[in-house]
Amino acid sequence: MLEDLAIANPRDGLALQVGHLVDFLVGDSRMLRDRIGRALPSWSPAAPGYHAVLGMHAFGLEESGQYGRAEDTARCSLDLNPRNGWSWHAVAHVMEMQDRRRDGVAWFRGDLPAWTGDSFFQVHNWWHLALFHLGLGEVDEALALFDGPIWGAKSDMAFDMVDAAALLWRLHLRGVDLGERWAPLADAYEAKIDKGTYAFDDAHAMMAFVGAGRTEAARALLDLQRQVLAGGRDNAGFVRDVGLPVMEALHAFGEGRYALTLDRLRDVRNRAARFGGSHAQRDVIDLTIIEAAARNGDLPLRDALLAERANALPV
């Protein structure tokens, strides 16, 4: 319905944005790009909101692997409106995918007020900055960002909780001592997990439960996913195709059953987009496989995946 509405009314910015967000939540990278691309001929730089349309298109281009066009488009958007957080975000994704981590740190730290002031989206961009620092081995900087702008306020907003869990899990995979950081996040998830409405969020809840050692909460979350499957609502497909295997894998990882982690994640890694998120967010699946392989003594698999990652970087 949203697609047809935007085709009939390509200047309907709300229809484009809602559709774009749905494309993101279901992991449809082609539509992230093409829903906006179809509408672009009806827009011009003089039109109010054109910067937002460019920002959305930039993110769709990035998720489709068109990194040069994506960065150029996002920068054009920011020339029109320097406070467009979605465009800051699109450039960050390009730099993440190209492993340009020092560029990423400089990108965000070069103009903090532009993307942080009164911005609903700033937490996610802080998360991207933390990933850049983590990729450079700057663990203390990543922890400081977690303790400060990412989850210092202990937000109960689902997007913010996902970023918090995703960062802690990456640090956990590296063996970083996280102190008591997991517990408040697990508390927040325990207070919210009761409906099973979106498998991508629930997978991050499992990270928090495993990290905090919440055995009963983790098992209850798995039981909830089976109820979702039986219910047959929208989320059932996400759970069946990706969510449940990922949650089972994370649970197994926490119990030291690394062979089961590998079995579950290797089965879903190439279809993980079916439960939403971006390439950068879903990368946590491969990172978990690599660490599970190392802990399981499967060094050929670990080395093969590391070689795969290196070879996949753009020249």
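Look up: the structure comes first, before these words.
Quick look at the structure, then. (Residues numbered from 1 in each chain as written. Predicted model: local features only at pLDDT ≥ 70, side-chain atom pairs only at ≥ 80, totals over all residues. Heavy atoms only, no water.)

## Digging into the packing of helix α12 (residues 182-192) against helix α13 (residues 199-212)
For clarity, the threshold we go by: Helix axes are fitted to C-alpha atoms over the stretch in contact, other axes to C-alpha atoms as well, and angles between N-to-C directions run from 0 to 180 degrees. Starting at the N terminus, helices and strands are each numbered in turn, a helix being any DSSP run of H or I of at least four residues and a strand any DSSP run of E of at least two. Note on terminology: angles under 35 degrees are roughly parallel, angles over 145 are roughly antiparallel, angles of 65 to 115 are roughly perpendicular, and the others are oblique. Here a crossing is taken to be left-handed if its near helix is turned anticlockwise relative to the far helix by less than a right angle, and right-handed if that turn runs clockwise. Contact criterion: two residues are considered in contact whenever any of their non-hydrogen atoms come within 4.5 Å of each other. The classification used treats Ala, Val, Leu, Ile, Met, Phe, Trp, Tyr, Cys and Pro as nonpolar, Asp, Glu, Lys and Arg as charged, and all other residues, Gly among them, as polar.
Two elements in contact, α12 and α13, have axes whose closest approach is 8 Å; the angle formed by their N-to-C orientations is 135°. In this view, α12 runs oblique relative to α13, as classed from their interaxial angle. As α12 packs across α13, the resulting crossing turns out to be left-handed. Across the interface between the two elements, Trp182, Ala183, Leu185, Ala186, Tyr189 and Glu190 of α12 pack against Asp201, His204, Ala205, Met207, Ala208, Phe209, Gly211 and Ala212 of α13. By residue class, the composition of the contact of α12 with α13 is 10 nonpolar, two polar and two charged.

## Observations regarding the nonpolar core
What counts here: In these notes, a set of buried Ala, Val, Leu, Ile, Met, Phe, Trp, Tyr and Cys residues joined through side-chain atoms within 4.5 Å is what counts as a nonpolar core. Each residue is assigned to one of three classes by its accessible area relative to the maximum for its type, calculated with a 1.4 Å probe on protein chains only: buried under 20%, partly exposed between the two thresholds, exposed over 50%.
If you look at the biggest cluster of nonpolar residues, it comprises 100 residues, and the most contacted ones within it are Ile150, Leu167, Trp169, Leu171, Leu185 and Tyr189. In terms of residues, this core owes the most to one element, helix α11 (residues 158-173), which gives 10 residues. Setting aside residues no more than four positions away along its own chain, Leu167 makes contact with Trp127, Ala130, Leu131, Leu134, Ala142, Phe146 and Ile150.

## Concerning empty space enclosed by the protein
What counts here: A pocket here means an open set of points on a 1 Å grid, computed over the protein atoms alone, that has protein on both sides within 12 Å along at least five of seven lines. A cavity is instead a set of points where a 1.4 Å probe fits but cannot get out; residues with an atom within 4 Å of a point line either one. Grid points are joined across faces, edges and corners, and a volume is the space filled by probe spheres set on the points.
Here the structure, examined in full by the defined rule, presents two cavities of 30 Å³ or more. What lines the largest cavity is a set of 13 residues, among which Met207, Val246, Phe275, Val284 and Ile285 lie closest to the centre. Sorting the residues of the lining of the largest cavity by element identifies α13, α15 (235-254) and α17 (279-295) as the ones contributing at least two each. The element best represented in the lining of the largest cavity is α17, accounting for five residues. Residues that form the lining of the largest cavity fall into these classes: nine nonpolar, three polar and one charged. Estimates place the volume of the second largest cavity at around 40 Å³. Every residue lining the second largest cavity is listed: Glu3, Ala6, Ile7, Leu16, Arg35, Arg38 and Ala39. For the lining of the second largest cavity, the elements supplying multiple residues, two or more each, are α1 (2-8) and α3 (29-39). Here the residues of the lining of the second largest cavity sort into four nonpolar, no polar and three charged.

## Here we look at the side chain of Glu63
Which entries qualify depends on this criterion: Only four residue types enter the charge count: Lys and Arg as positive, Asp and Glu as negative, with His and the chain ends excluded. We define a salt bridge as a side-chain nitrogen of Lys or Arg found within 4 Å of a carboxyl oxygen belonging to Asp or Glu.
Looking at the secondary structure, you find Glu63 in helix α4 (residues 50-63). Here Glu63 occupies a buried position and makes no salt bridge, while the nearest side chain of opposite charge, Arg282, is found at 4.4 Å.

## Here's the deal with helix α16 (residues 258-268)
Definition in use: When we speak of the arc, we mean the arc of directions from the helix axis to the C-beta atoms.
Three or more residues of α16 are buried, namely Tyr258, Thr261, Leu262, Leu265 and Val268. Projected down its long axis, α16 carries its buried residues within an arc of 150°, all on one side. Taken together, the buried residues of α16 touch α15, α17 and α18 (299-312).

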